[in-house]
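Notes for the structure review
This is what each chain is made of:
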Amino acid sequence: MGNPVTLFISETFTSIQGEGLLTGVSSVFLRTSGCNLRCRWCDTPYTSWEPTGRRETLADLVAIVVASPARHVVITGGEPMLQAGIEPLTAELSAAGYHITIETAGTIFRPVAVDLLSISPKLSDSTPAEPARIAVRHERDRLNLSVLQQLIAYAPHQLKFVAASQADIDEVAALVSQLEVAPDRVMLMPEGRTVAEIDAHLPVLIPACNANGWRLCDRLHLRLFGNTPGT
Ligand code: SF4
């Protein structure tokens, strides 16, 4: 017998989904650790800038899900599509009848079992100023149009953009014009790690949603729990 399949996991918890189409749905969150990007405003730096966590076997992760009353599973990160173990994990959870959301930046494709791909493409404003080596790598890797198209064609999806300015909105419009995506699956989510920050960005996002038929995406978990690991 070979080694058991494992994933590098930062945290697991049951909480309320705070973003997107399934806002409000109680879900088991499996947060993978490790990311190919380094957003300057990353709200989970413990999965990207300084990834921490532990290896968990498939069997342990399934047991964590089964122990929760929730029927929705959210696999998030970090970048969960980095880990090959996500393929057997989602296959097993899907066979057991769970609804699976995968939250990804949309730069890597894997043939996962998934009910909702929550894709969050990164705009140029995400690129950190330094260190220079990381900034160059982030800028090179943050968008991959052919992978985005592949993901959108693969499964039900939402495109969630972190935005704060008119420049961000213009970038979203330019990008979605190159993709086959319904306007009401395009979401603008205010940048910010506090309620005050997200509220400050809403006034510029609301008119853009109305002008384009896009959806406004709040961050309910920030309002309920703050920017706290395990929520
Ligand atoms: S893609 Fe997500 S986890 Fe990775 S650096 Fe950006 S915000 Fe953080």
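Up top is the structure these notes are about.
First, a word on what this report is: a plain description of the structure on this page.

Turning our attention to the site of the ligand. With respect to spatial proximity, the complete set of residues near the ligand consists of Cys35, Leu37, Arg38, Cys39, Trp41, Cys42, Thr44, Thr47, Ser48, Gly78 and Lys122. A breakdown of the residues in the shell around the ligand according to their chemical character gives five nonpolar, four polar and two charged.

Moving on, we get to the pairing of strand E6 (residues 116-119). Judged by which residues are buried, E6 turns out to be covered on both faces: Leu116 and Ser118 on one side and Leu117 and Ile119 on the other are all buried. Sheet topology note: the strand E5 (residues 99-104)/E6 ladder contains four bridges and is parallel. Its bridge partner being in E6, Thr101 is matched across the sheet by Leu116. Summarising the sheet, E6 and strand E7 (residues 157-163) pair through three bridges and their orientation is parallel. Across the sheet, Ile119 pairs through a bridge with Leu159, a residue of E7.

Now for the packing of helix H1 (residues 58-67) against helix H2 (residues 86-95). In contact at an axis separation of 10 Å, H1 and H2 are set at 40° when each is read in the N-to-C sense. It follows from the interaxial angle that H1 and H2 lie oblique. Seen along the crossing, H1 lies across H2 with a hand that is right-handed. Here H1 contributes Leu58, Leu61, Val62 and Val65 to the contact with H2, which in turn contributes Pro88, Leu89, Glu92 and Leu93. When its residues are assigned to classes, the contact of H1 with H2 shows seven nonpolar, no polar and one charged.

Here we take up the packing of aromatic side chains. Considering all chains together, one arrives at two aromatic pairs under this definition. Measuring from ring centre to ring centre gives 5.0 Å for Phe13 and Phe29, while their planes differ by 10°; the resulting arrangement is stacked. Here Phe29 lies in strand E2 (residues 26-32) and Phe13 lies in strand E1 (residues 6-16), a separation of 16 residues in the sequence. The class of Phe29 is buried, set by a relative accessible area of 7%. Over the ring of Tyr98 we find Arg71; its NZ or CZ atom is 4.3 Å from the centre of that ring.

Next up on the list: the sheet that holds strand E8 (residues 186-190). On the basis of which strands lie adjacent, the open sheet formed by nine strands has the order E3-E1-E2-E4-E5-E6-E7-E8-E9 and mixed pairing. The strands lining the two open edges of the sheet, one partner per strand, are strand E3 (54-57) and strand E9 (215-216). Sheet topology note: the E7/E8 ladder contains five bridges and is parallel. Directly across from Lys160, in E8, lies its bridge partner Met187. Of the strands in this sheet, E1, E2, E3 and strand E4 (72-76) are in contact with H1, which crosses E3 at around 80°. Contacts from helix H6 (residues 195-212) reach E7, E8 and E9 within the one sheet, and its direction differs from that of E8 by about 155°.

Calculation criteria
Residues numbered from 1 in each chain as written. Predicted model: local features only at pLDDT ≥ 70, side-chain atom pairs only at ≥ 80, totals over all residues. Heavy atoms only, no water. Near = heavy atom within 4 Å. Nonpolar A, V, L, I, M, F, W, Y, C, P; charged D, E, K, R; others polar. Buried < 20%, exposed > 50% of the residue type's maximum accessible area, 1.4 Å probe, protein only. Helix = DSSP H or I, 4+ residues; strand = E, 2+ residues; numbered from the N terminus. Pairing = 2+ DSSP bridges. Axes fitted to C-alpha atoms, helices over the stretch in contact; angles between N-to-C directions. Parallel < 35°, antiparallel > 145°, perpendicular 65-115°, else oblique. Left-handed = near helix turned anticlockwise from the far one by under 90°. Contact = heavy atoms within 4.5 Å. Phe/Tyr/Trp six-rings, centres within 6.5 Å; stacked < 30°, edge-to-face > 60°. Lys NZ or Arg CZ within 6 Å of the ring centre and 35° of its normal.

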